[in-house]
Amino acid sequence: MAKKDEAAKTKKNEANDLKEKLFMKRKNTGLEMTESETAKADKFCEEYKRFLDVGKTEREACAEAVRLAEKAGFVPFDKNAKYKAGDRVYRVNRGKAIILAVIGKKPVEEGVDLVAAHIDSPRIDLKQNPLYENEGLAYFKTHYYGGIKKYQWPVTPLALHGVIYTADGERVDVKLGEDESDPVLVITDILPHLADEQYKRPAPKLIQGEELNILIGSRPFRDDKASEAVKLAVMQILNKKYGITESDFISAELECVPAQKAKDVGFDRSMVGAYGQDDRVCAYTALAATLDIKGAPTRTAVTILTDKEEIGSEGCTGLQSSYLKYFIADLGEMYGTNGRTVLSHSKCLSADVNAAYDPTFSDPFEKLNAAYAGRGVVLTKYTGSRGKSGTNDASAEFVGEIRRLFDKENIIWQTGELGKVDHGGGGTVAMFISNLDVDTVDIGVPVLSMHAPFEVTAKNDIYMAYKAFRAFFK
Ligand code: MN
Ligand code: MN
């Protein structure tokens, strides 16, 4: 070998060595995870899919969390009781949110470890006076909940979930469209042949809010040639099935969600496709990590599955309310300290999804800082929009602590920022928890087609989220 070539080769090796030493390594779960760990991820996701199918609304997800928690030895929290390390308690907030806690070895005045996910998802809610008839077809009027691309919701089978309180206060649970033998409901769309005018609308108005009308019947009541015979026939069915009259819709919460069940996606079955993975993918992994705590964790582990995140965390079941603060205060009092002392020493993983880089729609992403499906759980330092407005911007200290924890526990993780600067944005519950003087950072799973009726996640990432929450609760 000529001397010149040799020198060049040495230089190249030196560069490689230096790169190895100095550059950040980006990991891919598909290459890094062992076969046995991948099998564990697949197995874990079977239970996850089941959870998605039985918990399509905040109420159902909360009820399922209670069922699983009780099976795992959790009991309703009694603020007058005295708990010892390892005891497992939960408190439900109005059937729509739940806090679970496993009492730790250290006194709570040294703080607790919080994980907070949300169990509400974008959907189509019925209006208070929903029922009407138009030209021989019966419909429900709706008002969508959360940020949806309205054009994605017509012509997909919908199921109706929720509760109705009758005039005399009786509760009626509704779940229609989930059983194989159930009918489904649907929003119609105009055929392409006649869509010339619709095509001229800007995309956000392709389907407008008042066009999200749900088709629910077409056969008239036989003996009535007068008006509203189809509406009457539908109301008669609803009266027989649920014992309700039209005015009972006023005191109801009825939510239309995709009737589709959770499915494996891809020839390799490496992904999960389902409605409501934002944020039940983090809710389920956080819940599983909590239920799987063995004995007593070092610090008290507290998991919150909250409602109303998709509409700004407002209302008494959202995290802008005081229900978490009150629970922590009750917990503190039990051990002779106050809530604020506990909170000031607490740490929180705000468990919410981030957007996965979509190669087909790459433009809104900034490749260096985007999260990618299959590259592990995402650490999102800040969310918000337009100059970090409306965000918890996690401190370098806390991000450093979480980063070291994940590396120590062999958790494959990546960073994520929601799109390019000034290309939109979003938020999570992180800022509402950090407002309580709690160090908080967003940790979650990257999602493709977020907020669509069928969202996609990678199984390996889901498993890494579970591992991350488990590690945090040690
Ligand atoms: Mn979310
Ligand atoms: Mn969301």
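My aim in this report is to walk through the structure given alongside it, one point at a time.

About the thresholds
Residues numbered from 1 in each chain as written. Chains lettered and ligands numbered in written order. Predicted model: local features only at pLDDT ≥ 70, side-chain atom pairs only at ≥ 80, totals over all residues. Heavy atoms only, no water. Helix = DSSP H or I, 4+ residues; strand = E, 2+ residues; numbered from the N terminus. Expected span 1.5 Å × (residues − 1). Buried < 20%, exposed > 50% of the residue type's maximum accessible area, 1.4 Å probe, protein only. Contact = heavy atoms within 4.5 Å. Salt bridge = Lys/Arg side-chain N within 4 Å of Asp/Glu carboxyl O. Phe/Tyr/Trp six-rings, centres within 6.5 Å; stacked < 30°, edge-to-face > 60°.

### Let's talk about helix H11 (residues 459-472)
Okay, step 1: With 14 residues, H11 ought to run about 20 Å at 1.5 Å a step, and its terminal C-alpha atoms sit 20 Å apart, in line with that.
Okay, step 2: Summarising burial for H11: 13 of the 14 residues are buried, a large majority.

### Section: the environment of Val155
Okay, step 1: With respect to the secondary-structure elements, Val155 resides in the loop between strand S6 (137-145) and strand S7 (158-165).
Okay, step 2: The class for Val155 is exposed, based on a relative accessible area of 61%.
Okay, step 3: Once the C-alpha coordinates of Val155 and Ile190 are considered, the two residues, 35 residues apart in sequence, prove to be 9.9 Å apart.
Okay, step 4: Excluding residues that lie within four positions of it along the chain, Val155 makes contacts with Val186, Ile187 and Asp189.

### Here's the deal with the pattern of salt bridges
Okay, step 1: As enumerated under the stated definition, the model contains 33 salt bridges in all.
Okay, step 2: Taking the shortest distance from any N to any O, the salt bridge between Glu47 and Arg50 comes out at 3.2 Å. Of this pair, Glu47 and Arg50 both sit in helix H3 (residues 35-54), separated by 3 residues, roughly a single helical turn.
Okay, step 3: For Arg50, a relative accessible area of 28% corresponds to the partly exposed category.
Okay, step 4: The salt bridge involving Glu197 is made with Lys200; its shortest N-O contact spans 2.8 Å.

### Some details on the packing of aromatic side chains
Okay, step 1: The tally for this structure, following the rule as stated, stands at 14 aromatic pairs.
Okay, step 2: For the pair Trp153 and Tyr275, a centre-to-centre distance of 6.2 Å together with 90° between the ring planes defines the contact as edge-to-face. Taken as a pair, Trp153 in the loop between S6 and S7 and Tyr275 in the loop between strand S13 (271-274) and helix H6 (277-291) lie far apart in primary sequence, 122 residues in all. Like Trp153, the residue Tyr275 is buried in the burial classification.
Okay, step 3: Taken together, the ring pairs connect Phe44, Tyr48, Phe51, Tyr284, Tyr463 and Tyr466 into an aromatic cluster.

In short, shape yes, function no, at least from these values alone.
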